[in-house]
Amino acid sequence: MSTTMEKIAVSCPQCGQQLLVPGSAVGKQGRCPSCKHIFPLEAPVAAQVIEPPPPPQAPNSIWDEMSSGDYTLQPLPPSPATSVSPNPYIPPAAQASKGRYQHGFGLEHRALNAGMMGGLGMMAVAAVWFFLGLYLGRIFFYPPILFILGLIGFFRGLFSGNVSGG
């Protein structure tokens, strides 16, 4: 265990001063040189080396792992720093052009720019939505707004000569 040559660090319980005492003095009484307090010299508890458990054997399938009940979630690998993560619901061609319709009202803007036919389409959707809501006993606030946007798109296309949004 301890030999006479090794020194151990002990702190005084009265004043907290760190003292180096020989290993052979463990179990005896010691006196602090600064506060003159007498206290028993105890060896500090040595850190026990705990060996990590052996790595678990890889299961044959994910179902074997889940049925055993001892699976853990692992963190995702770090992703490369990108400014905007790609959206899996938008086709890659549309993602490449960060243009006009990448916001909450993109469909409405597309219909407004689709000429007379886009405006008529918006008005038709608004009318079906409104009357279906009335039939089901629900009043939605958005169909009248959509109808007005459709009117704006229709007249915009009419006065600019844009029939089909080309």
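Since the model is a prediction, treat every value here as computed from it, not as a measurement.

**Brief notes about the overall build of the chain**
Scanning the chain from N- to C-terminus turns up 5 helices and 4 strands. Listed by position from the N terminus, the elements making up the chain come as β-β-β-β-α-α-α-α-α. The buried share among the 166 residues of the chain stands at 19%. Summed over its atoms, the accessible surface of the chain is roughly 13,400 Å², and 65% of this surface lies on carbon and sulfur atoms.

**Considering the packing of helix α4 (residues 115-135) against helix α5 (residues 142-160)**
To describe two helices that pack against each other, one gives the angle between their axes and the distance between the axes. In contact at an axis separation of 7 Å, α4 and α5 are set at 160° when each is read in the N-to-C sense. The angle between the axes of α4 and α5 places the two elements in the roughly antiparallel class. Crossing of α4 over α5 shows left-handed handedness. Listed contacts from α5 to G115, M116, G119, L120, M122, M123, V125, A126, W129 and F130 of α4 are Y142, P143, L146, F147, L149, G150, L151, G153, F154, G157 and L158. Grouping the amino acids of the contact of α4 with α5 by side-chain chemistry returns 16 nonpolar, 5 polar and no charged.

**Side note on unusual backbone geometry**
Phi is positive for K36, which is not a glycine, with a value near 65°. Position of K36 among the secondary structure elements: in the loop between β3 (29-31) and β4 (38-40).

**Re the nonpolar core**
Residues I8, V10, C12, L19, V21, A25, C32, F39 and L41 constitute the largest nonpolar core, which totals 9 residues. Looking at this core, the elements that each hand over two or more residues are β1 (7-11) and β2 (18-22). Excluding residues that lie within four positions of it along the chain, C32 makes contacts with C12, C15, Q17, L19, H37 and F39. Formed by 5 residues, the second largest nonpolar core is a distinct cluster that contains A111, A126, Y142 and L146.

**Observations concerning the pairing of β2**
Only one face of β2 is covered, namely the one carrying L19 and V21; the face carrying Q18, L20 and P22 has none of its residues buried. Inspection of the sheet shows β1 paired to β2 by 5 bridges, in the antiparallel sense. Note that in β2 the partner of K7 across the bridge is P22. What sits between β1 and β2 in their antiparallel hairpin is a turn of 6 residues, with G16 showing a positive phi close to 85°.

**Structural notes on the packing of aromatic side chains**
Inspection of every chain in the model, using the stated rule, returns 5 aromatic pairs. An angle of 45° between the planes, with centres 5.9 Å apart, marks the rings of W129 and F140 as tilted. Residue W129 is located in helix α4, and its partner F140 is located in the loop between α4 and α5; the two are separated by 11 residues in the primary sequence. What makes W129 partly exposed here is its relative accessible area of 32%. By relative accessible area, which is 35% here, F140 ends up partly exposed. Aromatic side chains W129 and Y142 sit 5.8 Å apart centroid to centroid with 55° between the ring planes, which places their arrangement in the tilted category. Taken as a pair, W129 in helix α4 and Y142 in helix α5 lie far apart in primary sequence, 13 residues in all. In textbook terms, an aromatic cluster arises when at least three aromatic residues are bridged by ring pairs, as seen for W129, F140 and Y142.

**Describing α5**
For α5, spanning 19 residues, the distance from its first C-alpha to its last is 27 Å, which sits close to the expected 27 Å at 1.5 Å a residue. Phi for G161, located one or two positions after α5, is positive at around 80°.

**Thoughts on the environment of L158**
For L158, the position within the fold is in helix α5. For L158, a relative accessible area of 39% puts it in the partly exposed group.

Here is what the cut-offs are and how they apply
Residues numbered from 1 in each chain as written. Predicted model: local features only at pLDDT ≥ 70, side-chain atom pairs only at ≥ 80, totals over all residues. Heavy atoms only, no water. Helix = DSSP H or I, 4+ residues; strand = E, 2+ residues; numbered from the N terminus. Buried < 20%, exposed > 50% of the residue type's maximum accessible area, 1.4 Å probe, protein only. Areas by Shrake-Rupley, 256 points an atom, 1.4 Å probe, with all protein chains shown as cover. Axes fitted to C-alpha atoms, helices over the stretch in contact; angles between N-to-C directions. Parallel < 35°, antiparallel > 145°, perpendicular 65-115°, else oblique. Left-handed = near helix turned anticlockwise from the far one by under 90°. Contact = heavy atoms within 4.5 Å. Nonpolar A, V, L, I, M, F, W, Y, C, P; charged D, E, K, R; others polar. Core = buried A, V, L, I, M, F, W, Y, C linked by side-chain atoms within 4.5 Å. Pairing = 2+ DSSP bridges. Phe/Tyr/Trp six-rings, centres within 6.5 Å; stacked < 30°, edge-to-face > 60°. Expected span 1.5 Å × (residues − 1).

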